[in-house]
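# An overview of the molecular structure
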Amino acid sequence: MLPARTRSYALAPAAPGRAAVLRFLPYIARFKWQFIASFVMAPLGVLISVAIPLLLGAIVDGPIAQRNLTALLWFCLALLGLGVADAGLSFIRRWIMSRATSHIEADIRLDLFDKLQRLQMGFHKSWESGQLLSRMMSDLGLLRRFMSFGLVMLFMNSIHIVVVVVIMVVKLWHVGLAVLIAVIPVVIATFVLMGRFGKLSRRVQDETGDVASSAEESLHGVRVIRSFGRARYAYRGYDERATKLAESGVARMNLASILWTLLEVFPNVLLLVVLVGVSFGVSGGVLTLGDAVTFVTLLLSLAWPVGSLGYLLSFAREAATAADRVVEVFDAPVTISSGTSRIEAPAGRLELRDVTFQFDDATEPTLSGLNLTLEPGETVALVGGTGSGKSTLVSLIPRLLDVTGGQILLDGVDVRDLDLVQLRSLIGTAFEEPILFSMSARENLTLGRPEAIEAEIAEAVRVARADFVYDLPWGLDTRLGEQGLSLSGGQRQRLALARAILVGPRVLVLDDTLSALDIHTEAEVEEALKSTLGGVTGIVVAHRASTVLLADRVAVLTEGSIAHVGTHQELLATVPEYRELLSADYSIAMGEQSA
Ligand SMILES: Nc1ncnc2c1ncn2[C@@H]1O[C@H](COP(=O)(O)OP(=O)(O)OP(=O)(O)O)[C@@H](O)[C@H]1O
């Protein structure tokens, strides 16, 4: 469990008119010196690039015109020096930025992970995991790449273009003006194309998430797909999404190609304008031959900054879209947040007071008007038909969901007022679908209590009858496969039960945790559990009569309401519905009771 967060996310708060990408500035602030250094070096690089054409002009008018070989040698050395300085600056800039942006990406990713851990179950149910993964991996990667070189290149190239145009206007104003006029339609076309590119970018990035979701779901459910012989069906579903992504990618690329071509051809058009202007300038005696060389080489030096502008602008648009998508997750409201109260001496008295719960997307409440009190050490079994709301009810106790009406009180304190870390350390939970993580059996067992000592682990393993862990190839240090797939369903359930017991909870919530066990193992586990449950308040979802026998009392849940509460014997005698619910195990239950 994550410790309570002591600082807020570094992301700047949303404000009207503030672009999502600007909200990442606080992450950048930590590396401001690297950014400042890089942005100071960028204009220096531009100055060097512009100095080279000026120097070439000076060589033509100076040493070449005067046939001065020594001076020519010095000029050539100066040119070489400028080239080396340019390469050196660009190496240092990249070196600094790649380090800084990798750390920034890691910081944002960590905060995003933390945010995802804190978001309530409702959020995770309504978002496809592939969408979240693509935001966490590809969108953040794209943002990093843009920060690391796209941003600086865009800055450098813009300065380069402005400096060259200014030099031209100053040296030969009508040629400079002609260049400026030629630029206007290109700027307009670029803005129109960029608007459309932005929309396509968003579509491509969303569809990348869809493809990731589809792949994740099919890989996760590969056993079900194979056993139903639905590999072709899964393939078609994936193919459909992947084709849609490919088509959107092609549409985006088409648009980008138009933009890139326009911007690549544009310097050649400018070259014509400049050549005509310069020819008139030289023949009219306004320009020297050296000036003409300077003009032409200056213009040629624009080929890369202008040509790459299309790529960089589309890169910036994609980065802005990526920032929007990441910020959407950061902005999702956390509705289940920690309270501040603490229970000094927890006893485990659990009280449901007029509890109602309705899912956001449901039209009717799933649970309504539930009242039930469990005294410390008491165990209550929850029995009810499929969909009657048992799992929903037990999810309310550790606040995986929050009540929408009424209250749940632990030792008299509303669970919403309790410190969330304390609440979850007081409640041990094991579900029917036990999720195990790709780590050792020991780490899986001690997930809720990393400081547990060997004897405590051994006791929890004994109670849950999970002794098989000691027979694994490396015992407790055996790494379990993804979701513990290398274990059987019953073994995973027992491991998850041991994990819940190890927390040393005051309240143990078991949501049909023993369903995958054979009848003998279940009996053994229950026998051992009885002693554990003796001091712990238990709430046990039960489908089998044998599980019900663990409990002091039974609550029958019908369509979201508690219809009956009583001992197993009382309910068997007086509630026909209860008998029907347990009919399959009825004889066993009766047998065990009379024994
Ligand atoms: N996210 C959700 N949005 C809307 N309704 C939901 C959602 N999750 C569950 N439900 C509905 O709430 C009802 C109660 O579900 P719940 O899983 O609590 O039943 P249950 O008694 O545990 O069933 P089972 O014994 O089959 O596990 C069901 O009708 C279910 O369809």
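Here the structure is a predicted model, which means the values were calculated and not measured.

The subject of this paragraph is the overall build of the chain. Looking only at helices and strands, one finds 20 helices and ten strands in the chain. Relative to the 2.2 N^0.38 estimate, which gives 25 Å for 595 residues, the radius of gyration of the chain is 35 Å and therefore markedly larger than a compact globule would have. In terms of overall dimensions, the chain has a C-alpha envelope of 120 × 45 × 45 Å along the principal axes. Within the chain, the fraction of its 595 residues that count as buried is 46%. Taking as baseline every contact in the chain between residues at least 6 positions apart, the subset at least 24 positions apart corresponds to 76%. With an accessible surface of roughly 29,200 Å², the chain has 63% of that area assigned to carbon and sulfur atoms. Separation between the mean location of the 52 positive side-chain charges and that of the 60 negative ones in the chain comes to 9 Å.

For the rest of this paragraph, the subject is the confidence of the model for the chain. Chain-level statistics for the chain give a pLDDT mean of 85 and a share of 95% at 70 or above. When the criterion is pLDDT under 50, residues 586-595 qualifies, and its contacts beyond four places in sequence or with other chains add up to ten contacts.

Centre-to-centre distance and the angle between the planes together describe a pair of aromatic rings. For the structure shown, the criterion picks out eight aromatic pairs. Here F146 and F315 contribute two aromatic rings whose centre-to-centre distance is 5.4 Å and whose plane-to-plane angle is 80 degrees, an arrangement assigned as edge-to-face. Linking F146 in helix α5 (residues 129-171) with F315 in helix α10 (residues 303-331), this pair joins segments that are 169 residues apart in sequence. According to the relative accessible area criterion, F315 is buried, its value standing at 6%.

Ranked by size, the top nonpolar core spans 70 residues in total, and within it F24, I104, I108, M168, V274 and F330 carry the most contacts. Within the residue set of this core, elements represented by two or more residues are α1 (25-29), α2 (32-66), α3 (69-118), α5, α6 (173-220), α8 (231-283), α9 (289-301) and α10. Ranked by residues supplied to this core, first place goes to α5 with 15 residues. Ignoring any residue separated from it by four or fewer positions in sequence, one finds I108 in contact with F24, Y27, L140, V326 and F330.

If you walk through the whole model with that rule in mind, you get 25 salt bridges. The salt bridge partner of R349 is E351, with a shortest N-O separation of 3.2 Å. The exposure class of E351 is buried, given its relative accessible area of 14%. In this structure, R399 engages D402 in a salt bridge whose closest nitrogen and oxygen atoms are separated by 2.7 Å.

On to the sheet that holds strand β9 (residues 553-558), then. Taking strand neighbours across the sheet as the criterion, the six strands line up as β6-β7-β8-β3-β9-β10 in an open arrangement whose pairing is mixed. In the strand order of this sheet, the two ends are held by β6 (427-430) and β10 (561-566), each with one partner. Adjacent strand axes in the sheet meet at a mean angle of 15 degrees, parallel and antiparallel pairs treated alike.

Here we come to the site of the ligand. For the ligand, the set of nearby residues contains 13 residues, the closest of which are G387, G389, K390, S391 and T392. Separating an oxygen atom of the ligand from a backbone N or O atom of S388 is a distance of 3.2 Å. In the model, an oxygen atom of the ligand is placed 3.3 Å from a nitrogen or oxygen of the H543 side chain.

Turning to α5, a few remarks are in order. The terminal C-alpha atoms of α5, which comprises 43 residues, lie 59 Å apart, in line with the 63 Å expected from a rise of 1.5 Å per residue. Bending of α5 peaks at approximately 45 degrees at the position of M147.

About the thresholds
Residues numbered from 1 in each chain as written. Predicted model: local features only at pLDDT ≥ 70, side-chain atom pairs only at ≥ 80, totals over all residues. Heavy atoms only, no water. Helix = DSSP H or I, 4+ residues; strand = E, 2+ residues; numbered from the N terminus. Rg over C-alpha atoms; globule rule 2.2 N^0.38 Å. Buried < 20%, exposed > 50% of the residue type's maximum accessible area, 1.4 Å probe, protein only. Contact = heavy atoms within 4.5 Å. Areas by Shrake-Rupley, 256 points an atom, 1.4 Å probe, with all protein chains shown as cover. Lys, Arg positive; Asp, Glu negative; His and termini not counted. Charge placed at Lys NZ, Arg CZ, Asp CG, Glu CD. pLDDT = per-residue confidence, 0-100. Phe/Tyr/Trp six-rings, centres within 6.5 Å; stacked < 30°, edge-to-face > 60°. Core = buried A, V, L, I, M, F, W, Y, C linked by side-chain atoms within 4.5 Å. Salt bridge = Lys/Arg side-chain N within 4 Å of Asp/Glu carboxyl O. Pairing = 2+ DSSP bridges. Axes fitted to C-alpha atoms, helices over the stretch in contact; angles between N-to-C directions. Near = heavy atom within 4 Å. Polar contact = N/O pair within 3.5 Å; in protein donor to acceptor, adjacent residues only side chain to side chain. Expected span 1.5 Å × (residues − 1). Bend = angle between axes of the 7 residues up to and from the residue.

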